[in-house]
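Next come the chains, spelled out residue by residue.
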Amino acid sequence: MTEPTSEDNERIDRILDLWFEERELTAPQIDARLDVWFGEDPELDIRLRHEFADEIHEASEMKLMHWAATPRGRLALVLAIDQFRRNIYRNTARAFSHDKLALKLCVEGIVQQADRQLTDIERVFLYMPMQHAESLRVQKKSVMVFTALANKVSPTLRETFRTFADFAELHHDIIERFGRFPHRNAILGRENTPEEQEYLEGDAPTFGQSTG
């Protein structure tokens, strides 16, 4: 596979610098960025749309796959496809339309051990496509991976990373129960089952995407 060029690496760095700000983050810094990463921030959505439209489109169309030759390039691809699309296409089907590609990049990265060359917080987002998969098999793997990561980080980070593992378990439990994420049904034009309707009328998580 062709290595990223110097221009590619500048684009990769721009993506990672925006998302993480720094390579190594303390627990308080991570906690402070949780709302940025997982909340609903219209200003961030607009910024990503304006500053990274080309990267998101090209990554989604598989025009930047040579970035995956390096661990940080692979991570930037996953962020553009899995996270940035959720921001710029929030509450639309396009937010989820390239999840399979993001999952492929994630799984290949694990198989090739590219994740081991990333910082712990970077690994969280390389693994994130597993949490987004409507597959019980993938969700089981997700719980294993996020739990293992939480167990390996330093004691000062353990509680914070346990939160990521808890969310992996939450995603797993939803898929185990319904076989899909009911909060996506309205967006994707899927009809709710009676059980899903009752679930959605309760305090069901939407993970930043409206149920419609």
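Please refer to the structure placed before this passage.
A few points on the structure. Every value quoted in this text rests on a predicted model; they were computed, and no experiment measured them.

Time to look at the pattern of salt bridges. In total, this model carries 20 salt bridges according to the counting rule given. Ionic pairing is found between Asp120 and Lys152, a salt bridge with its closest N-O pair at 2.9 Å. Residue Asp120 is located in helix H7 (residues 120-131), and its partner Lys152 is located in helix H8 (residues 136-152); the two are separated by 32 residues in the primary sequence. A single network of salt bridges, built from pairs that share partners, joins Arg11, Arg14, Glu55 and Glu58.

This part takes up the nonpolar core. Counting 54 residues, the largest nonpolar core has Ile121, Phe125 and Phe161 as the members making the most contacts within it. For this core, the element with the most residues is helix H5 (residues 71-88), which contributes 9 residues. For Phe125, the residues in contact, after removing those within four places along its chain, are Trp19, Phe20, Trp37, Phe38, Leu75, Val78, Leu79 and Gln83. One finds Ile175, Phe178, Phe181 and Ala204 within the second-largest nonpolar core, a separate group that totals 6 residues.

Size it by volume and the largest pocket reaches roughly 480 Å³. Lining the largest pocket are 22 residues, with Trp37, Phe38, His132, Phe207 and Gly208 positioned closest to its centre. Of all the elements in the fold, those that place two or more residues in the lining of the largest pocket are helix H2 (27-38), H5, H7 and helix H9 (155-178). The element best represented in the lining of the largest pocket is H9, accounting for 4 residues. In the lining of the largest pocket, the residues fall into 9 nonpolar, 10 polar and 3 charged.

Another aspect to go through is the packing of helix H1 (residues 6-20) against helix H4 (residues 53-60). Between H1 and H4, the least distance of the axes is 11 Å, while the angle of their chain directions is 110°. Judged on the interaxial angle alone, H4 and H1 are roughly perpendicular. The residues of H4 that touch H1, namely those facing Arg11, Arg14 and Ile15, are Asp54, Glu55 and Glu58. Residues of the contact of H1 with H4, tallied by class, amount to 1 nonpolar, no polar and 5 charged.

Turning our eyes to something else, we now look at the side chain of Asp99. Topologically, Asp99 is positioned in helix H6 (residues 99-111). Using a relative accessible area of 12% as the deciding quantity, one classes Asp99 as buried. Excluding residues that lie within four positions of it along the chain, Asp99 makes contacts with Asp82, Arg86, His132 and Arg184.

The next thing to look at is unusual backbone geometry. In this structure, Met62 takes a positive phi of about 65° despite not being glycine. Turning to its location among the elements, Met62 is positioned in the loop between H4 and H5.

It is the contact of H2 with H7, at a shortest axis distance of 13 Å, that shows an interaxial angle of 25°. As summarised for this structure, H2 and H7 are arranged roughly parallel, according to the angle between their axes. In terms of crossing hand, the pair formed by H2 and H7 is right-handed. Here Ile30, Trp37 and Phe38 of H2 come into contact with H7, specifically with Ile121, Phe125 and Met128. For the contact of H2 with H7, a count of residues per class yields 6 nonpolar, no polar and no charged.

This brings us to H2. If you check H2, its first and last C-alpha atoms are 16 Å apart, about what 12 residues at 1.5 Å a residue would give, namely 16 Å. Taken residue by residue, H2 has Ala27, Ile30, Arg33 and Trp37 as its buried positions. Looking down the long axis of H2, one finds its buried residues gathered within 120° of arc, a one-sided arrangement. The exposed set on the far side of H2, more than 90 degrees from its buried face, consists of Pro28, Ala32 and Asp35. Summarising the contacts, the buried residues of H2 are in contact with H1, H5, H7 and H9.

Our next topic: the packing of aromatic side chains. In the structure shown here, the tally under the stated rule is 13 aromatic pairs. Arranged with centres 4.9 Å apart and planes meeting at 70°, the rings of Trp37 and Phe125 form a pair that is edge-to-face. Here Phe125 lies in helix H7 and Trp37 lies in helix H2, a separation of 88 residues in the sequence. Each member of the pair, Trp37 as well as Phe125, carries the same accessibility label: buried. An angle of 80° between the planes, with centres 5.9 Å apart, marks the rings of Tyr127 and Phe146 as edge-to-face. With a gap of 19 residues between them, Tyr127 in helix H7 and Phe146 in helix H8 connect regions that are remote in the sequence. Judged by its relative accessible area of 3%, Tyr127 falls in the buried class. Residue classification places Phe146 among the buried positions, given a relative accessible area of 1%. Connected via pairs of aromatic rings, a cluster forms that spans Trp19, Phe20, Trp37, Phe38, Phe52, Phe84, Phe125, Phe161 and Phe164. Stacked on the ring of Phe96, the Lys or Arg Arg184 has its end atom at 4.4 Å from the ring centre.

Cut-offs and rules
Residues numbered from 1 in each chain as written. Predicted model: local features only at pLDDT ≥ 70, side-chain atom pairs only at ≥ 80, totals over all residues. Heavy atoms only, no water. Salt bridge = Lys/Arg side-chain N within 4 Å of Asp/Glu carboxyl O. Helix = DSSP H or I, 4+ residues; strand = E, 2+ residues; numbered from the N terminus. Core = buried A, V, L, I, M, F, W, Y, C linked by side-chain atoms within 4.5 Å. Buried < 20%, exposed > 50% of the residue type's maximum accessible area, 1.4 Å probe, protein only. Contact = heavy atoms within 4.5 Å. 1 Å grid on protein atoms, 1.4 Å probe; cavity = no way out; pocket = protein on both sides within 12 Å on 5 of 7 lines; lining within 4 Å. Points joined across faces, edges and corners; volume = space filled by probe spheres on them. Nonpolar A, V, L, I, M, F, W, Y, C, P; charged D, E, K, R; others polar. Axes fitted to C-alpha atoms, helices over the stretch in contact; angles between N-to-C directions. Parallel < 35°, antiparallel > 145°, perpendicular 65-115°, else oblique. Left-handed = near helix turned anticlockwise from the far one by under 90°. Expected span 1.5 Å × (residues − 1). Arc of directions from axis to C-beta. Phe/Tyr/Trp six-rings, centres within 6.5 Å; stacked < 30°, edge-to-face > 60°. Lys NZ or Arg CZ within 6 Å of the ring centre and 35° of its normal.

That's the geometry; what it means functionally is another story.
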